[in-house]
Protein chains: 2
Amino acid sequence: MSALEQLIEALRRLPGVGQKSAQRMAYHLLQHDREGAQRLSAALAAAAQQVQHCQRCHTFSEAALCPVCLDATRDAKLLCVVETPADQAALERTGSYRGYYFVLQGRVSPLDGISTKDIGVAELLERASDGLVEEVILATSFTAEGEATAHVVGEVLRARGLRSTRLARGVPVGSELEYVDLGTIAHALVDRR
Amino acid sequence: MSALEQLIEALRRLPGVGQKSAQRMAYHLLQHDREGAQRLSAALAAAAQQVQHCQRCHTFSEAALCPVCLDATRDAKLLCVVETPADQAALERTGSYRGYYFVLQGRVSPLDGISTKDIGVAELLERASDGLVEEVILATSFTAEGEATAHVVGEVLRARGLRSTRLARGVPVGSELEYVDLGTIAHALVDRR
Ligand SMILES: [Zn+2]
Ligand SMILES: [Zn+2]
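Criteria and cut-off values
- Residues numbered from 1 in each chain as written.
- Chains lettered and ligands numbered in written order.
- Predicted model: local features only at pLDDT ≥ 70, side-chain atom pairs only at ≥ 80, totals over all residues.
- Heavy atoms only, no water.
- Donors = N, O, S within 2.8 Å, 3.2 Å for Na, K, Ca; no water.
- Tetrahedral: all angles 85-135°; square planar, octahedral: opposite > 155°, others 65-115°.
- Buried < 20%, exposed > 50% of the residue type's maximum accessible area, 1.4 Å probe, protein only.
- Helix = DSSP H or I, 4+ residues; strand = E, 2+ residues; numbered from the N terminus.
- Right-handed = clockwise from strand over helix to strand, strands pointing away.
- Axes fitted to C-alpha atoms, helices over the stretch in contact; angles between N-to-C directions.
- Contact = heavy atoms within 4.5 Å.
- Nonpolar A, V, L, I, M, F, W, Y, C, P; charged D, E, K, R; others polar.
- Buried area = accessible area lost by both parts, 1.4 Å probe.
- Salt bridge = Lys/Arg side-chain N within 4 Å of Asp/Glu carboxyl O.
- Polar contact = N/O pair within 3.5 Å; in protein donor to acceptor, adjacent residues only side chain to side chain.
- Least-squares fit on C-alpha atoms with pLDDT ≥ 70 in both.
- Phe/Tyr/Trp six-rings, centres within 6.5 Å; stacked < 30°, edge-to-face > 60°.
- Lys NZ or Arg CZ within 6 Å of the ring centre and 35° of its normal.
- UniProt positions renumbered as here; feature names shortened; annotations may be inferred.
- Pairing = 2+ DSSP bridges.

**Student:** What is the right way to read the coordination of the zinc ion (ligand 1) from this model?
**Tutor:** Ideal geometry at a metal gives 109.5 degrees between four tetrahedral donors and either 90 or 180 degrees between six octahedral ones. Residues and elements named next belong to chain A. The protein atoms that coordinate the zinc ion (ligand 1) are C54 (SG), C57 (SG), C66 (SG) and C69 (SG), at distances of 2.3 Å. Relative to the metal, the 4 donor atoms surrounding the zinc ion (ligand 1) lie at angles of 105 to 117 degrees, and the coordination shape comes out tetrahedral. Positions of the donor residues of the zinc ion (ligand 1) along the chain correspond to the pattern C-x2-C-x8-C-x2-C. We classify C57 as buried; its relative accessible area is 1%.

**Student:** Sorry, what's going on with the pairing of strand β4 (residues 99-103) of chain A here?
**Tutor:** Side chains on a regular strand alternate between the two faces of the sheet. Among the 5 residues in β4(A), 5 count as buried, and that is most of the element. Traced from strand β3 (residues 75-82) of chain A through helix α5 (residues 85-94) of chain A to β4(A), the parallel crossover comes out right-handed.

**Student:** It is not clear to me how the packing of helix α2 (residues 19-32) of chain A against helix α3 (residues 34-50) of chain A should be interpreted in this structure. Could you clarify?
**Tutor:** Any two packed helices are characterised by how steeply their axes cross, that is the angle between the axes, and by the distance between the axes. Residue and element names in this part refer to chain A. Packing of α2 against α3 leaves a shortest axis separation of 5 Å and a crossing angle of 115 degrees. Counted together, L29, L30 and H32 of α2 and R34, G36 and A37 of α3 form the full contact between these two elements. Across the contact of α2 with α3, the residue classes tally to 3 nonpolar, 2 polar and 1 charged.

**Student:** Sorry if this is basic, but what is going on with the interface of chain A and chain B here?
**Tutor:** Where interface size is quoted, it is often the accessible area lost as the parts come together. Each partner contributes residues to the interface: chain A has 45 residues there, and chain B has 45 residues. With both sides pooled, the region where chain A packs onto chain B buries about 4100 Å², and carbon together with sulfur makes up 65% of that total. Contact with chain B buries area across many residues of chain A, yet R13(A), L44(A) and F60(A) alone supply 16% of it, more than any other trio. Between R13(B) and E35(A) there is a salt bridge whose closest N-O contact spans 3.9 Å. Linking chain A with chain B are 11 residue pairs in polar contact (both at pLDDT 80 or more). Here the side of chain A that touches chain B takes 15 residues from α3(A), the largest share from any one element. Broken down by class, the residue content of the side of chain A that touches chain B amounts to 25 nonpolar, 12 polar and 8 charged.

**Student:** Got a minute to help me understand the pattern of salt bridges in this structure?
**Tutor:** Two side chains of opposite charge can pair, provided their charged atoms sit close to one another. This model, assessed by the stated rule, comprises 24 salt bridges over all chains. Where E135(B) meets R163(B), a salt bridge forms, and the shortest distance between an N and an O atom there is 3.3 Å. Remark: R163(B) occurs in the loop between α7 (144-159) and β6 (164-166) and E135(B) occurs in strand β5 (residues 135-138); sequence separation between them is 28 residues. Classification of E135(B) by relative accessible area gives buried; the value is 16%. Residue R163(B) is classed as partly exposed on the basis of its relative accessible area, which comes to 49%. In the salt-bridge network here, residues are joined through shared partners; they are R13(A), D33(B), E35(B) and R39(B).

**Student:** What is the right way to read the coordination of the zinc ion (ligand 2) from this model?
**Tutor:** Residues and elements named next belong to chain B. Distances from the zinc ion (ligand 2) to its protein donors, namely C54 (SG), C57 (SG), C66 (SG) and C69 (SG), fall within the range 2.2 to 2.4 Å. Coordination at the zinc ion (ligand 2) comes from 4 donor atoms whose angles at the metal span 106 to 117 degrees, giving a geometry best classed as tetrahedral. On the basis of relative accessible area, C54 is assigned to the buried category, the value being 1%.

**Student:** Is there a simple way to explain the relation of the copies chain A and chain B in this structure?
**Tutor:** To go from the first copy of the chain to the second, apply a rotation about an axis and then a shift along the same axis. When chain A is fitted to chain B, the residual RMSD is 0.0 Å, and the transformation amounts to a turn of 180 degrees plus an axial shift of 0.0 Å. One copy is carried onto the other by what is essentially a two-fold rotation axis. The rotation axis passes nearest to the C-alpha of S41(A) in chain A, at a distance of 2.0 Å. In this assembly, 100% of the residues forming the interface of chain A have copies in chain B that are likewise at the interface, indicating an isologous arrangement.

**Student:** Even after reading the chapter, I still don't get unusual backbone geometry, so can you show me in this structure?
**Tutor:** Peptide bonds are mostly trans, and most non-glycine residues show a negative phi. Of note, the phi angle at H58(A) is positive, near 70 degrees, even though the residue is not glycine. With respect to the secondary-structure elements, H58(A) resides in the loop between β1 (52-53) and β2 (60-61).

**Student:** When you look at the packing of aromatic side chains in this model, what are you seeing that I'm missing?
**Tutor:** For any pair of aromatic rings, geometry is given as the distance between the ring centres together with the angle between the planes. A complete count under the given rule lists 4 aromatic pairs over all chains for this structure. Ring geometry for Y27(A) versus F60(B): centroids 5.6 Å apart, planes at 20 degrees, classification stacked. A residue pair is termed interchain when its members come from two chains, as with Y27(A) in helix α2 and F60(B) in strand β2 (residues 60-61). Accessibility classification places Y27(A) together with F60(B) in one group, the buried group. Note that R166(A) overlies the ring of F142(A), its terminal NZ or CZ placed 4.1 Å from the centroid.

**Student:** I keep staring at the UniProt feature "zinc finger region: C4-type" (unreviewed entry) in chain A and nothing clicks. Help me out?
**Tutor:** Within this structure's numbering, the places UniProt gives as "zinc finger region: C4-type" (unreviewed entry) are residues 54-69 of chain A. Span residues 54-69 of chain A is 19% helix and 12% strand, its end C-alpha atoms 8 Å apart.

**Student:** What's the story with the sheet that holds strand β4 (residues 99-103) of chain B in this structure? I'm lost.
**Tutor:** To summarise the sheet geometry, strands pair through backbone hydrogen bonds and adopt either a parallel or an antiparallel arrangement. All names here are of chain B. Reading across the sheet, the 4 strands line up as β4-β3-β5-β6 and stay open at both edges, with parallel pairing between neighbours. The open sheet terminates on both sides in strands that have one partner only, identified here as β4 and β6. Averaged over all neighbouring strand pairs, the angle between strand axes comes to 30 degrees, with direction disregarded. Contacts from helix α5 (residues 85-94) reach β3 (75-82) and β4, with the element oriented near 160 degrees to β4.

**Student:** Please explain the sheet that holds β4(A) as it appears in this structure.
**Tutor:** All names here are of chain A. Spatially, the 4 strands line up as an open sheet ordered β4-β3-β5-β6, and their pairing is parallel. If you trace the sheet from one side to the other, it starts and ends with β4 and β6 (164-166), each paired once. Sheet twist, expressed as the mean angle between neighbouring strand axes with direction ignored, is 30 degrees. Examined bridge by bridge, strand β5 (residues 135-138) and β6 share 3 bridges and lie parallel to one another. In the sheet register, L138 faces β6, and the bridge partner there is R166. Of the strands in this sheet, β3 and β4 are in contact with α5, which crosses β4 at around 160 degrees.

This is how it looks when you write it as structure tokens:
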């Protein structure tokens, strides 16, 4: 394989990138943006080498502890459980949460043989039993697997005497009700404040 | 900026990749495919360093001359002119052309101040005047600028006594006529065989 073909192959492994997009990206970089190609190459190598997981909450971090875990001004009574570092970053970007996080390694999926053991629930239990956490907010996805994960994790926490809550289901901000799917409206009714 | 943020920035420079896609790609690579990140990093560096332009036809090549230019069995009477290495690769993939190529540096664009001088037409004239070329096939895009490029390049060639032809405009193979735009149908009528 030529260097160009190898580049197209490597770009195809990116999520959402098919053969045509990969070709377009490769030709664009080589024809118009070699500096961008060099920069992306360096950024990939640096990130793959430097970005590890926070030892406390398991989100991405370049240091042993992430900035959130190191921030002593956050509310130690709140622990928010998410499925991925991306979910943690999204919640953090809202600017509306002041507690700490715990990032699971994905979600339970009985069909794929992924149980609570595989996603780090034992570590979550240990983290939540620090004597400071009073409420564990289950912020897993509102998909079947995310709901199942929230359910089993909630049960495990309850067995240890730890209180858990779930993010509210509801109508997305900015939506016209007419265009929102019926299941969402039904949940928003149930979870009404 | 953290290594993760720098990676997201670098991914955003890819064509067709916005902030959300770049985030998704970065998190995916770090969470699920670090080997893919390393491989892409190496492929980018190798391609940016090794892929140059063929000295004869100016398409991408790792050697001084590309495989097509080195292939003595091709028809030296035919020279196909395209706008970019990607166009050359697309034509070559059709498997239906047996002549040589010449890749311009884009297309003329009066609005952007890009004239025949800027896209390598002088070099094309020299290449086409080798005494072997009998027909120059103008395979620039069927956009306003591509058509303008074909027109002026054709004029320049004619002034040198060189014959040029243009790719046929027409209905894309596999299309139902009902869904083809009217301009395309009109052109297909004019260019009917
Ligand atoms: Zn942390
Ligand atoms: Zn060549």
